[in-house]
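One-letter residues, chain by chain:
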Amino acid sequence: MPTNSALIGLMMAMLWLTYFYGANLTPKPWFGPFCFDSSELPIVTIYAMYIPIFVMQMKKEKELGFFYRVVVPALGVIASAFMVLAAIVSLRKAVLYYLILFAVLMGIGLLLKNYGHEEE
């Protein structure tokens, strides 16, 4: 493993541990409304990202039979939507604050996507 990647991975793990500690384990949370269970809410993102994958399978996999092309992905969409809805109902405002944080981090990643790569 390259040293740079190992150091970045270590720094990210340290940041995540610091967030988890400050948001969940201290008597007074450190991050105000942005304190959420960092082991539960990212799962909402994963299930939400499954939905377009299932839809694209229904559109593109024309060689599959009806059951595997339509029925199984439709059940996957329903199950994923249920998981997202259940999280929104049970966690309420925490989901909103998580999505704000997620959007900011994704925006930073988008801005830094080509950092260090020069176009030729």
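Residues numbered from 1 in each chain as written. Predicted model: local features only at pLDDT ≥ 70, side-chain atom pairs only at ≥ 80, totals over all residues. Heavy atoms only, no water.

Draft legend 1. How the structure looks around the confidence of the model for the protein. In the predicted model, the protein carries a mean pLDDT of 84, and 95% of its residues have values of at least 70. Averaged over each element, pLDDT in the protein is lowest for helix 4 (residues 93-111) (83) and highest for helix 3 (residues 66-91) (90). (pLDDT = per-residue confidence, 0-100. Helix = DSSP H or I, 4+ residues; strand = E, 2+ residues; numbered from the N terminus.)

Draft legend 2. Up close: the side chain of Thr45. Of note, Thr45 is situated in helix 2 (residues 41-60). Take Thr45: its relative accessible area is 10%, and that puts it in the buried class. Polar side-chain contacts of Thr45 include one of 2.5 Å to the side chain of Tyr98. Those residues in contact with Thr45 that sit more than four places away from it in its chain are Tyr98 and Phe102. (Buried < 20%, exposed > 50% of the residue type's maximum accessible area, 1.4 Å probe, protein only. Polar contact = N/O pair within 3.5 Å; in protein donor to acceptor, adjacent residues only side chain to side chain. Contact = heavy atoms within 4.5 Å.)

Draft legend 3. How the structure looks around the environment of Pro73. Turning to its location among the elements, Pro73 is positioned in helix 3. Each C-alpha atom of the pair Pro73 and Leu10 lies 37 Å from the other, and the pair is 63 residues apart in sequence. Ignoring sequence-local partners within four residues, the contact set of Pro73 consists of Phe54, Gln57, Met58, Phe67 and Tyr68.

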